[in-house]
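Remarks on the overall topology
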Amino acid sequence: AKPGTEHGPDALREGGLIKKLMGLGLDVHDYGDVGTPSHEDDHHFDLPVKNPKHVATASENIAADVYNVIKSGRTCLALGGDHSMAIGSIFGHSLAEPEHVVVWVDAHADINTPLTSSSGNMHGMPLSFLVKELQPYISKLPGFEFIKPCLSAKNIAYIGLRDVDPGERYIIEKLGIQSFSMSEVDRHGIKDVVEKAMHYLDPEGVKPIHLSFDIDALDPSLAPSTGTPVPGGLSIREGNYICEELAATGRLTCVDIAEVNPSLGNERDNLITVNSALSIITHCFGGRRQGTYPKNYQIPIPTHTNHVAPPPS
């Protein structure tokens, strides 16, 4: 993984995230950064993964925080970081709302097992640790004892895929995971894709929703400051539409934003990427392209002190 994603949350905060969310009339509480202690002995040459103890510790802390936020009655926004963050956020969500479903918006499937991955990067594996049907294929890793598989394959829908490894493609087809690549987005349009995904995941319209959004789902022209950009991605209109539709259900209770990396590209690239991420986030939390106003908004009524008297005759 390319270093720098750890600065993604601060870049989003500095870009005005809190102010934008408060401008939607939301009660916003920033819980700060999750503690991620480093492990000096985290090089395991006998294991096919990189930094498993570090990822395990971070995941356990993320899971606890996400659980506490959702249990308190709030909607959780988890800012990454690379997409290995989803191990903790989805697991923590499952502890609070076991019936939840996952919409995974990404250029990549991130469902490699440690043995199908060619890189050993754990940001390409998060779903494999969580999917029940894959557990016979998962290597035992130090620190991962606390993670319990919490998702069935039928509880996941992908949108935006366009760079999928051979092992991942086999897993998707073997397990029958609902998958809408950019080919399906082009063929059917984003409206039909979102409708089909949600009808498949939750035909009764009652389950909590977890949206895990990798910024590289968007076209690189809209998110250049990310580690693994892939041409031919979602437009900002398509990305915002996904978020608007999920928000409109009233059941979107956790949102991940992953892979914003301000160390990549120049200042303009960073600004474009942060603005795209902020647009995605605000549309998850009530922002609408037709316009939005806070819940208790009223048209101001003139008072005597601000009434302009007519000029004397």
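Residues numbered from 1 in each chain as written. Predicted model: local features only at pLDDT ≥ 70, side-chain atom pairs only at ≥ 80, totals over all residues. Heavy atoms only, no water.

If you check an unreviewed UniProt entry, the chain appears there as Arginase from Magallana gigas. Taken verbatim from the UniProt record of the chain, the Pathway (unreviewed entry) comment is "Nitrogen metabolism; urea cycle; L-ornithine and urea from L-arginine: step 1/1." Recorded under Catalytic activity (unreviewed entry), the UniProt text for the chain is reproduced unchanged: "L-arginine + H2O = urea + L-ornithine". (UniProt positions renumbered as here; feature names shortened; annotations may be inferred.)

In this section: the environment of Gly189. Within the element layout of this structure, Gly189 appears in the loop between helix 7 (182-188) and helix 8 (190-201). Along the primary structure Gly189 and Glu238 are separated by 49 residues, whereas in three dimensions their C-alpha atoms are 8.9 Å apart. (Helix = DSSP H or I, 4+ residues; strand = E, 2+ residues; numbered from the N terminus.)

So, about the nonpolar core. Residues Val103, Val105, Ile159, Leu211, Phe213, Leu234 and Ile257 are the most contacted members of the largest nonpolar core, which totals 42 residues. Not counting residues within four places of it along the chain, the set of residues in contact with Ile257 comprises Leu12, Leu77, Ala78, Leu79, Gly80, Met85, Phe213, Ala277, Ile280 and Ile281. Core analysis: the second largest hydrophobic core is formed by 34 residues, Ile90, Val102, Ile111 and Ile147 among them. (Core = buried A, V, L, I, M, F, W, Y, C linked by side-chain atoms within 4.5 Å. Buried < 20%, exposed > 50% of the residue type's maximum accessible area, 1.4 Å probe, protein only. Contact = heavy atoms within 4.5 Å.)

There is a patch of nonpolar side chains on the surface, built from Tyr293, Tyr297 and Ile299 and spanning about 410 Å² of accessible area. Following the sequence through the fold, Tyr297 ends up in the segment after helix 10 (267-284). (Patch = residues over 30% accessible without salt bridge, like charges linked within 9 Å, V, L, I, M, F, W, Y side chains within 5 Å. Areas by Shrake-Rupley, 256 points an atom, 1.4 Å probe, with all protein chains shown as cover. Salt bridge = Lys/Arg side-chain N within 4 Å of Asp/Glu carboxyl O.)

Relative to the assigned elements, Leu115 resides in the loop between strand 2 (101-105) and helix 5 (126-130). Residue classification places Leu115 among the exposed positions, given a relative accessible area of 63%. Through-space distance from the C-alpha of Leu115 to that of Glu168 is 11 Å; in sequence the pair is 53 residues apart. Those residues in contact with Leu115 that lie beyond four places of it in its chain are Pro48 and Ser139.

Moving on, we get to helix 9 (residues 236-248). For helix 9, with 13 residues, the first-to-last C-alpha span of 18 Å sits near the 18 Å given by 1.5 Å per residue. Once helix 9 ends, the next one or two residues include Gly250, with phi positive near 75 degrees. (Expected span 1.5 Å × (residues − 1).)

Glancing now at helix 10. The end-to-end C-alpha separation of helix 10 is 26 Å, in line with the 26 Å expected for 18 residues at 1.5 Å each. Across the 18 residues of helix 10, 13 count as buried, placing the element largely inside the fold. The residue sitting at the N-terminus of helix 10 and contributing the capping side-chain oxygen is Asn266; that oxygen lies 3.1 Å from the backbone nitrogen of Arg268. Taken from the residues just after helix 10, Gly286 is the one with a positive phi, measuring 105 degrees. (Polar contact = N/O pair within 3.5 Å; in protein donor to acceptor, adjacent residues only side chain to side chain.)

Before going further, it helps to examine the packing of aromatic side chains. For the structure on display, the rule yields three aromatic pairs. When the ring of Phe129 is compared with that of Phe144, the centres are 4.9 Å apart and the planes differ by 35 degrees; the resulting orientation is tilted. Taken as a pair, Phe129 in helix 5 and Phe144 in the loop between helix 5 and strand 3 (156-161) lie far apart in primary sequence, 15 residues in all. Taking relative accessible area as the criterion, Phe129 reaches 5% and is therefore assigned buried. (Phe/Tyr/Trp six-rings, centres within 6.5 Å; stacked < 30°, edge-to-face > 60°.)

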